[in-house]
Amino acid sequence: MMGLDRDRLTELVQVVVRNPLRAFLSALGVGWGLFMIIITVGAAQGLENGVKADMGSDVSNSMFAWTMSTSLPYKGYQRGRYVEMDIDDVHWLQANTQHLDLVCPEIQLGGYRGTNNVLRGKQSGAFDVHGAIAEYPEVKPMNITEGRFLNEGDLDQERKVCVIGSRVKEILFELGEEALGETIQIQGVIFRVVGVYTPKGNGEDAQNEAESIYIPFSTFAKSFNTRGRVGWLSMLIKDGVDAEEAEEATKQLMKSRLSIHPDDPRAIGSWSMAEEFQKAELLFSGMRLISLLFGSLALLAGVIGITNIMLISIKERTKELGIRRSLGATPTRILQQIIGETLFLTLLAGLVGMVLGVGLLEVVDGYLEGGGDAGVFRHPEIDFGTVLTVLCILLGMAIFAGVLPAIRALAIKPVEALRSEG
Amino acid sequence: MLALRGIEKSYPLAGGTLPVLKGIDLNIDQGEMVAIMGSSGSGKSTLLNVLGLLDGFDEGSYTLGDVDMSGLSEKQGARYRSRFLGFVFQSFNLIAFKTALENVALPLFYQKVARRERQQRAMEMLGKMGMDDRADYLPSELSGGQKQRVAIARALITSPRVILADEPTGALDSTTSHEVMQVLREVNASGITVIIVTHEADIAAQCDRTIRLHDGVIIEDGRSGEVVEPTARGAST
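Predicted model only: the values in this text are computed from it and were never measured.

A. Broad picture of the overall build of chain A. Of regular secondary structure, chain A possesses 14 helices and 13 strands. Split into buried and exposed, the 422 residues of chain A put 40% on the buried side. Here the analysis covers contacts within chain A between residues at least 6 apart in sequence; of these, 82% occur between residues at least 24 apart.

B. Highlighting the overall build of chain B. Scanning chain B for helices and strands turns up seven helices and ten strands. Out of the 237 residues belonging to chain B, those deemed buried represent 48%. A separation threshold of at least 6 residues defines the contact pool for chain B, and within that pool the share at least 24 residues apart is 64%.

C. Region of the structure containing the environment of Gln45(A). All names here are of chain A. Topologically, Gln45 is positioned in helix α2 (residues 20–54). Residue class for Gln45 comes out buried when judged on the 22 C-beta atoms lying within 10 Å of it. Considered as a pair, Gln45 and Arg378 are 333 residues apart in the sequence and their alpha carbons are 8.4 Å apart. Not counting residues up to four positions away in its chain, the partners in contact with Gln45 are Pro380, Glu381 and Ile382.

D. Structural context of the nonpolar core. Grouped together as the largest cluster of nonpolar side chains are 115 residues, with contacts concentrated most on Ile36(B), Val104(B) and Ala153(B). Here this core takes eleven residues from α2(A), the largest share from any one element. Not counting chain neighbours up to four residues away, the residues in contact with Val104(B) comprise Ala122(B), Met125(B), Leu126(B), Val150(B), Ala153(B), Arg154(B) and Ile157(B). With 52 residues, the next largest nonpolar core counts Leu172(A), Ala246(A), Ile260(A) and Ala274(A) among its residues.

E. Local environment of the sheet that holds strand β9 (residues 209–214) of chain B. Residue and element names in this part refer to chain B. Strand order in the open sheet formed by six strands is β6-β7-β8-β3-β9-β10, and the pairing between neighbours is mixed. Each of the sheet's edge strands pairs with one partner strand only, and the pair in question is β6 (85–89) and β10 (217–223). Sheet twist, expressed as the average angle between the axes of neighbouring strands with direction ignored, equals 15°. Examined bridge by bridge, β9 and β10 share six bridges and lie antiparallel to one another. Considered in β10, the bridge of Arg209 is made with Arg223. Relative to the sheet, helix α5 (residues 144–156) contacts β6 and β7 (162–166), its axis offset from that of β6 by approximately 170°.

F. Structural context of the interface of chain A and chain B. With 18 residues of chain A in contact, the opposing surface of chain B contributes 18 residues. When residues of the side of chain A that touches chain B are traced back to their parent elements, those giving at least two are α1 (6–18), α11 (318–326), α12 (331–369) and α14 (414–419) of chain A. Counted by class, the side of chain A that touches chain B contains seven nonpolar, five polar and six charged residues.

G. The arrangement of the confidence of the model for chain B in detail. Per-residue pLDDT for chain B has a mean of 88; in total, 94% of the residues score no lower than 70. Here the predicted complex carries an ipTM of 0.82, next to a pTM of 0.62.

H. Seen up close, the pairing of strand β8 (residues 183–186) of chain A. Residue and element names in this part refer to chain A. Only one face of β8 is buried: it carries Ile184 and Ile186, and the other face, with Thr183 and Gln185, is open. Bridge analysis of β8 against strand β9 (residues 189–199) gives four bridges, and the strand direction is antiparallel. Counted as the bridge partner of Ile186 is Val189 from β9. Between β8 and β9, which follow one another and run antiparallel, lie two residues, and Gln187 among them has a positive phi close to 45°.

I. Just the packing of α12(A) against helix α13 (residues 384–411) of chain A, in detail. Residues and elements named next belong to chain A. Two elements in contact, α12 and α13, have axes separated by 8 Å at closest approach and are oriented at 145°. Between α12 and α13 lies a crossing of right-handed hand. Touching Pro331, Ile334, Leu335, Ile338, Ile339, Thr342, Leu343, Thr346, Leu347 and Gly350 of α12 are Leu394, Met397, Ala398, Ile399, Ala401, Gly402, Val403, Pro405, Ala406, Ala409 and Leu410, all from α13. Taken together, the residues that form the contact of α12 with α13 break down as 17 nonpolar, four polar and no charged.

J. Examining the pairing of strand β8 (residues 193–197) of chain B more closely. All names here are of chain B. With five of five residues buried, β8 lies mostly within the body of the structure. Bridge count between β7 and β8: five bridges; the pairing is parallel. Following the sheet pairing, Ile163 is matched in β8 by Val194. As a crossover connection, the stretch from β7 through helix α6 (residues 174–189) into β8 is right-handed.

K. Summary view of the confidence of the model for chain A. Within chain A, residue pLDDT values average 86, and 94% of them lie at 70 or more. The lowest-confidence element of chain A is α1(A), averaging 74 in pLDDT; the highest-confidence one is strand β7 (residues 161–165) of chain A, averaging 96.

L. Structural view of the packing of helix α3 (residues 100–110) of chain B against α5(B). Residues and elements named next belong to chain B. Running from amino to carboxyl end, α3 crosses α5 at an angle of 25°, the nearest separation of the two axes being 7 Å. One element, α3, and the other, α5, form an angle in the roughly parallel class. The two elements α3 and α5 cross, and the hand of that crossing is right-handed. Facing Ala100, Asn103, Val104, Leu106 and Pro107 of α3, the residues of α5 in contact are Val150, Ala153 and Arg154. Of the residues assigned to the contact of α3 with α5, the class counts are six nonpolar, one polar and one charged.

M. Examining α5(B) more closely. All names here are of chain B. Here α5 spans 18 Å end to end across 13 residues, near enough to the 18 Å set by a 1.5 Å rise per residue. By the criterion of burial, α5 is predominantly enclosed, with eleven of the 13 residues buried. Where α5 is concerned, the buried positions are Gly145, Lys147, Gln148, Arg149, Val150, Ala151, Ile152, Ala153, Arg154, Ala155 and Leu156.

N. Geometry of α3(B). In terms of residue burial, α3(B) counts as a mostly covered element, since ten of its eleven residues are buried. Of all the positions in α3(B), only Ala100(B), Leu101(B), Glu102(B), Asn103(B), Val104(B), Ala105(B), Leu106(B), Pro107(B), Leu108(B) and Phe109(B) are classed as buried. Elements that come into contact with the buried residues of α3(B) comprise α1 of chain A together with α2 (74–84), α4 (115–128) and α5 of chain B. Phi for Lys112(B), located one or two positions after α3(B), is positive at around 60°.

O. Geometry of the sheet that holds strand β1 (residues 2–13) of chain B. Residues and elements named next belong to chain B. Pairing is antiparallel across the open sheet formed by four strands, whose spatial order is β2-β1-β4-β5. Looking along the sheet, the strands with just one partner apiece sit at the ends: β2 (16–28) and β5 (67–68). Sheet analysis places strand β4 (residues 59–64) next to β5, joined by two bridges and oriented antiparallel. Across the sheet, residue Leu64 finds its bridge partner in β5, namely Val67.

P. How the structure looks around unusual backbone geometry. Residues and elements named next belong to chain A. Phi is positive for Glu158, which is not a glycine, with a value near 50°. Locating Glu158 in the fold gives a position in the loop between α5 (152–156) and β7. We note that Gln187 has phi near 45°; this positive angle belongs to a residue other than glycine. Residue position: Gln187 is located in the loop between β8 and β9.

What counts, and where the lines are drawn
Residues numbered from 1 in each chain as written. Chains lettered and ligands numbered in written order. Predicted model: local features only at pLDDT ≥ 70, side-chain atom pairs only at ≥ 80, totals over all residues. Helix = DSSP H or I, 4+ residues; strand = E, 2+ residues; numbered from the N terminus. Buried ≥ 20, exposed ≤ 12 C-beta atoms within 10 Å, placed from the backbone. Contact = placed C-beta atoms within 7 Å. Core = buried A, V, L, I, M, F, W, Y, C linked by C-beta atoms within 7 Å. Pairing = 2+ DSSP bridges. Axes fitted to C-alpha atoms, helices over the stretch in contact; angles between N-to-C directions. Nonpolar A, V, L, I, M, F, W, Y, C, P; charged D, E, K, R; others polar. pLDDT = per-residue confidence, 0-100. Left-handed = near helix turned anticlockwise from the far one by under 90°. Right-handed = clockwise from strand over helix to strand, strands pointing away. Parallel < 35°, antiparallel > 145°, perpendicular 65-115°, else oblique. Expected span 1.5 Å × (residues − 1).

In structure tokens:
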């Protein structure tokens, strides 16, 4: 309907530059609206990125569960029984679950967050010592900077090997000293270092992670006489499965396996990163929506401004439109012209606002990348999908802005237009 | 070429209608140069607007070439205007922010003629009007006579069969008026029908035929100033 060739573009530019101050002022509202949308959506994204980075190294579909004392009697057991689970329970759970991709047993020397003196020659430090399996990094991703993580061979052969955090290496080894192949002593048991890692993520959890040591779960049981007892489970929920549903179903499975009353609210503790992520996702989706909504309202105000200006312009150009009609312009061409002018002005203003908004986000991002401190705010950005959405909104509003002036222009009879002044 | 039969036209007024054309019968042949005269309110401009398809009519029939112009849609009206008719106005009606060349080329834009051809033809037409050295001037930079030459060039650019001129010399001094009439006579000499609405007798005298309107009816229709029997039905009542 409305191809934009050089002639039509020239016509549009002529109309806009004929009254540059008016064009600028009317475009300002739209430009400002677009600028605000980009900035608010980008800022919301920056906040989301920051929060997610601080949520640490857990993957978004991870879930954790542990056993505690029962609060209800069941199957001849009294209430207050401390429930323990072992590696056989883990294998059973893995075989019977329909909601989980992976179940990793984990145990920590001295209990959860218990620290232990670890020695290497004259160096020593208090670190978290975990028994884990080879798949553990799938639940808790880490950057292996030297060597490797634990493997199946380590587990099967109960090797006395360990993978140490970067902070452990800093404390136990001299600067520049090779850690791989060296040994450390954990509660009198000697382990050979096969890998060094740095944690993913930021914050306190990441710092704790850097001060941790991982040894094979089987070796842990044998070395520290835990007889296959499991401290807690680190699990991955299957894709597409609701986190809350998976958590509840897993707890029920564990209860049935461990002879816990199905309604016991206390015996199994759990925490789901997926749920936290879902809550955060919901919050940030809401923020994005609100940003878009308010930005669109600002945009709408700008577009109404353009409609108003175009209506005034049509009134002033009545005679010109009459001349064009007398020269053979069909109503369709007049319609195209008016909507084209409105589209041109609106899209031009919108694009300028968008470029300025994206430019400002880039500047802020550059500042943060350069070490600038903005608290939890990180890497503000706007994704292509949102840009496309905003452009569609802008296009729709621009057409809306042009329709009323175009209808007004078409209502003018050529003979009346030619009689008018101006 | 151009035939009106019983054309009636009235405008709505509060509490009734105002009849402006009362049964006009008129034939104009290809190549004629016709003046339409009459006092203010006689209906001459309305007649020109009807002839130019800028305004409709209530009763009667209008044939242009071999085509019946009754009941045309706005789009059809625009097409026939573009194909058959050229307009010259008293106040020139040039678009202020377009150069002389762009103004002349504008009707071709609406005929979807390619840009290069448009510019070439517009420049040739300006050359015929002796205005090619003013092609890049805006209307505000031209004299009255020059503006009217540009307007005539614009009217001629689509090779119309009829030029409709509404008081083409009304805003010009006598010397310039004479020059503009000279141009219109040359246009007519090339075979194009020229219809001029004027209230100036000396302008009408330069046409082959004069039609005089009074109160919406034709009261005179003669050649070279001679008075002939009235042709409008209303004139005899």
